[in-house]
Amino acid sequence: MNNGFIKVAAATPKIKVGDCEYNAKKICNLIETVYNNGTQLVVFPELCITGYTASDLFLQKSMLDKAMSALLRIIVPFSEDKEIISIVGLPMIFHDKLYNVAAVVYDGEIMGFVPKSHIPNYSEFYEARHFSSGAGIEGYKDIYYYNLDDEDEPIVAGSYIIKNFKLGSKAEYDEYDDEYDDEYDDEIEIGQDSVPFGTNLLFKCNHFDNFTFAIEICEDLWVANPPSTGYALAGATVIANLSASDETIGKDSYRRSLVSGQSARTVSAYIYADAGEGESTTDLVFAAHNIIAENGTILAEAEKFTNEIVYADIDLDKLASERARLTTFVPTRDAESEYEEIEIELEERKFVFDRKIDNAPFVPSNELEREKRCEEILAIQTMGLKKRLDHTGCAHAVVGISGGLDSTLALLVTVRAFDSLGLDRKGIITVTMPGFGTTDRTYNNALKMIEALGCTLKEVNIAEAVELHLKQIGHDMNRHDITYENAQARQRTYLLMDFANEYNGMVIGTGDMSELALGWATYNGDHMSMYGVNAGVPKTLVRHLVKYFADTTEEEELAKVLLDVLDTPVSPELLPPKDGKISQKTEDLVGPYQLHDFFLYYILRFGYAPKKVLFLAQEAFHGIYDNETILKWLKVFYKRFFSQQFKRSCLPDGPKVGTVAVSPRGDLRMPSDACVREWLEELEK
């Protein structure tokens with residue numbers, strides 16, 4: 001229904017310390033709010049029913065009883081088929097010891113109690129004064145309750161009543177059961193629940209794929225070996241943390257890094273709910289720094305000191321995909337018996353999808369981050385080529401320059417590699433090979449760029465050689481088909497290889513990863529080189545790399561020509577121009593690279609099904625491309641991606657620069673004759 005997503009929330013009520021009834025009302029109000037927003041799992045702060053700062057009031061039986069009764073009050077409004085799980089914190093006596101626990105509430109039931117394992121007793125914390133560690137504690141907590149139709153007639157003197165619920169001790173329950181059951185059978189329901197209690201609980205939501213959650217409390221995250229590590233290895237994909245982390249200078253950054261880092265290490269979603277306004281400020285202040293992270297990425301973060309609810313749409317499929325891909329994520333299946341799995345019959349419900357899907361997943365949206373990424377990629381490309389030149393002892397490199405984006409980037413990388421080796425740029429043999437489709441704009445840009453960079457220029461017009469070749473094979477020059485086009489591409493590669501032999505150098509490949517994914521390269525033509533510096537760079541990122549170079553170079557003329565290259569339509573220039581302008585635009589033929597790079601990222605990075613890729617693309621490109629256009633080009637992508645694997649199976653060497661790559665020696669081992677039928681059928685449906 002929701003394509004593998006579930007909406008979750010971290011919420012902080014404004015409480016009154018020690019006023020459990022008031023706090024229960026506030027919690028119920030927030031549950032109602034997040035439920036109406038489509039949330040199916042909401043996490044509240046540590047000890048939120050009483051307040052974390054209740055201090056020695058935790059030792060008062062009256063408050064402990066009221067806390068449990070307040071928990072029952074929270075259950076009542078959400079006992080009628082409302083598909084939401086709430087996790088709230090309270091103090092609780094279990095086997096004569098006091099514990100700081102999280103209660104899991106769903107459909108009018110308490111599904112489990114999870115106690116805090118690590119009890120801080122340093123600096124401003126002195127929890128050991130009140131609470132015992134729940135580490136290793138397992139068992140069942142008996143809950144005794146009375147459901148009265150007539151709440152004006154209390155049956156057990158001294159018991160605490162909230163609305164129509166009464167909570168009592170076992171002795172009161174036994175006495176009441178014996179004395180009043182028959183008399184008030186029609187008005188009063190007597191109940192007893194044995195609720196699982198322990199740090200070994202996993203909560204599995206049966207109607208979802210890959211949705212099992214577990215709980216740790218505040219300090220549990222800050223220790224060397226958090227319980228969430230074990231939970232994740234045992235199958236939990238979502239971790240809830242009920243916290244009361246006081247605010248001090250700089251602590252928010254450390255807290256954020258902890259949440260982000262633990263979600264990455266455990267390949268999980270991490271929901272961190274922090275105490276906030278309403279807690280006692282006798283010695284501490286709490287900022288309600290709520291955070292939701294997913295596998296290292298912060299999805300939502302509250303503005304501090306606002307008690308803000310934060311929401312996130314968690315991608316359960318992504319977490320499952322990452323765990324399956326990472327061979328070093330080793331589930332402890334042999335230790336499953338250490339954990340008790342609590343099944344929850346949570347039904348999936350529709351919600352408004354609020355997660356922002358970036359339509360350029362390879363390109364950081366933040367300018368500073370994008371510049372940093374560009375510099376890092378250029379450094380990786382440069383280092384790859386530098387090593388190859390150094391190893392082979394080559395003082396010459398041969399680069400075919402068309403005046404287009406890819407060959408421009410390849411030349412810039414080659415220049416950087418030569419500079420880092422202290423080699424003369426004259427050793428870079430740049431070859432322009434005008435043909436039937438070459439335009440003045442690209443040709444002149446190529447010449448200006450070569451001059452500005454101080455490389456050696458060689459020019460060979462390929463028209464005569466291609467005409468002779470086509471004549472030899474009996475091809476009509478007026479038939480501008482694939483033979484006509486590929487003859488030009490292979491002629492150019494043939495010349496580059498010969499120049500490499502002539503100068504004892506190597507041919508530097510220019511083709512990018514997007515072209516390799518689509519097979520948009522002539523086999524044994526521009527498909528081939530001696531080192532492909534752009535093989536790991538998608539087309540959408542090539543543009544930003546060239547732009548970054550233009551923005552950072554001190555050579556004004558070079559910057560000017562690079563900006564014009566960026567403004568030139570992407571084209572192989574294999575068909576004759578019309579009125580002197582490019583007649584063959586790649587994206588008109590194969591589709592927008594912006595779409596194809598998006599497809600490439602989600603298909604290879606996470607292995608998503610076609611249905612989910614389509615859904616994400618429709619969200620990401622809403623208002624840019626209509627749904628029919630997206631579907632059309634997604635079908636094209638799948639067809640080309642499957643049919644063109646034979647070209648990727650024999651790629652030249654080239655450096656990987658990101659999390660997605662298509663090298664047959666690295667990330668993509670795919671049969672060249674795999675069938676695409678079932679992928680396309682899913683899209684048709």
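The structure under discussion appears in the preceding block.
A short tour of the structure in this document, coming up. (Residues numbered from 1 in each chain as written. Predicted model: local features only at pLDDT ≥ 70, side-chain atom pairs only at ≥ 80, totals over all residues. Heavy atoms only, no water.)

A closer look at a negative patch on the surface
Right, so step 1: Together, E341, E343, E345 and E347 line one region of the surface with negative charge.
Right, so step 2: Residue position: E343 is located in strand 17 (residues 340-344).
Right, so step 3: Overall, the relative accessible area of 49% leaves E343 in the partly exposed class. (Patch = residues over 30% accessible without salt bridge, like charges linked within 9 Å, V, L, I, M, F, W, Y side chains within 5 Å. Areas by Shrake-Rupley, 256 points an atom, 1.4 Å probe, with all protein chains shown as cover. Salt bridge = Lys/Arg side-chain N within 4 Å of Asp/Glu carboxyl O. Lys, Arg positive; Asp, Glu negative; His and termini not counted. Charge placed at Lys NZ, Arg CZ, Asp CG, Glu CD. Helix = DSSP H or I, 4+ residues; strand = E, 2+ residues; numbered from the N terminus. Buried < 20%, exposed > 50% of the residue type's maximum accessible area, 1.4 Å probe, protein only.)

Some thoughts on the sheet that holds strand 22 (residues 531-532)
Right, so step 1: Strands sit in the order 20-19-18-21-22 across an open sheet of five strands; the sheet is parallel. The open sheet has two free edges, formed respectively by strand 20 (456-459) and strand 22, since each of these has just one partner strand.
Right, so step 2: The pairing of strand 18 (residues 397-400) with strand 21 (residues 506-509) spans two bridges and is classified as parallel. From the neighbouring strand, A397 faces strand 21, where its bridge partner is M506.
Right, so step 3: Across the sheet, helix 8 (residues 367-392) touches strand 21 and strand 22, and the angle it forms with strand 21 is around 170°.
Right, so step 4: This element, helix 9 (residues 405-421), spans strand 18, strand 19 (428-432) and strand 21 of the sheet and lies at about 160° to strand 18. (Pairing = 2+ DSSP bridges. Contact = heavy atoms within 4.5 Å. Axes fitted to C-alpha atoms, helices over the stretch in contact; angles between N-to-C directions.)

Brief notes about the packing of helix 18 (residues 610-620) against helix 19 (residues 627-643)
The description of two helices packed together rests on the angle between their axes and the distance between the axes.
Right, so step 1: For the pair helix 18 and helix 19, the least separation of the axes is 10 Å and the interaxial angle reads 140°. Regarding the angle of helix 18 to helix 19, the classification is oblique. For the pair helix 18 and helix 19, the crossing hand works out as right-handed. Residue-level contacts link P610, V613, L614, A617 and Q618 of helix 18 to N627, I630, L631, L634 and Y638 of helix 19. (Parallel < 35°, antiparallel > 145°, perpendicular 65-115°, else oblique. Left-handed = near helix turned anticlockwise from the far one by under 90°.)

Here's the deal with the nonpolar core
Right, so step 1: Counting residues in hydrophobic clusters, the biggest one holds 88 residues, and the most contacted among them are F598, F599, Y602 and Y638.
Right, so step 2: When near neighbours in sequence (up to four residues on either side) are disregarded, Y638 contacts I603, Y608, A609, P610, V613, V676, W679, L680 and L683. (Core = buried A, V, L, I, M, F, W, Y, C linked by side-chain atoms within 4.5 Å.)

Notes on the pattern of salt bridges
Right, so step 1: Within the structure shown, the criterion is met by 37 salt bridges.
Right, so step 2: Of the charged contacts in the structure, one is a salt bridge between K7 and D354, with a shortest N-O distance of 3.0 Å. Of this pair, K7 sits in strand 1 (residues 5-10) while D354 sits in the loop between strand 17 and helix 8; the two residues are 347 residues apart in sequence, bridging distant segments of the chain.
Right, so step 3: With a relative accessible area of 1%, K7 lands in the buried category.
Right, so step 4: In this structure, K116 engages E127 in a salt bridge whose closest nitrogen and oxygen atoms are separated by 2.9 Å. On the criterion of sequence distance, the pair formed by K116 in the loop between strand 5 (109-115) and strand 6 (138-148) and E127 in the loop between strand 5 and strand 6 is long-range, its members being 11 residues apart. Note on accessibility: K116 and E127 belong to one class, buried.

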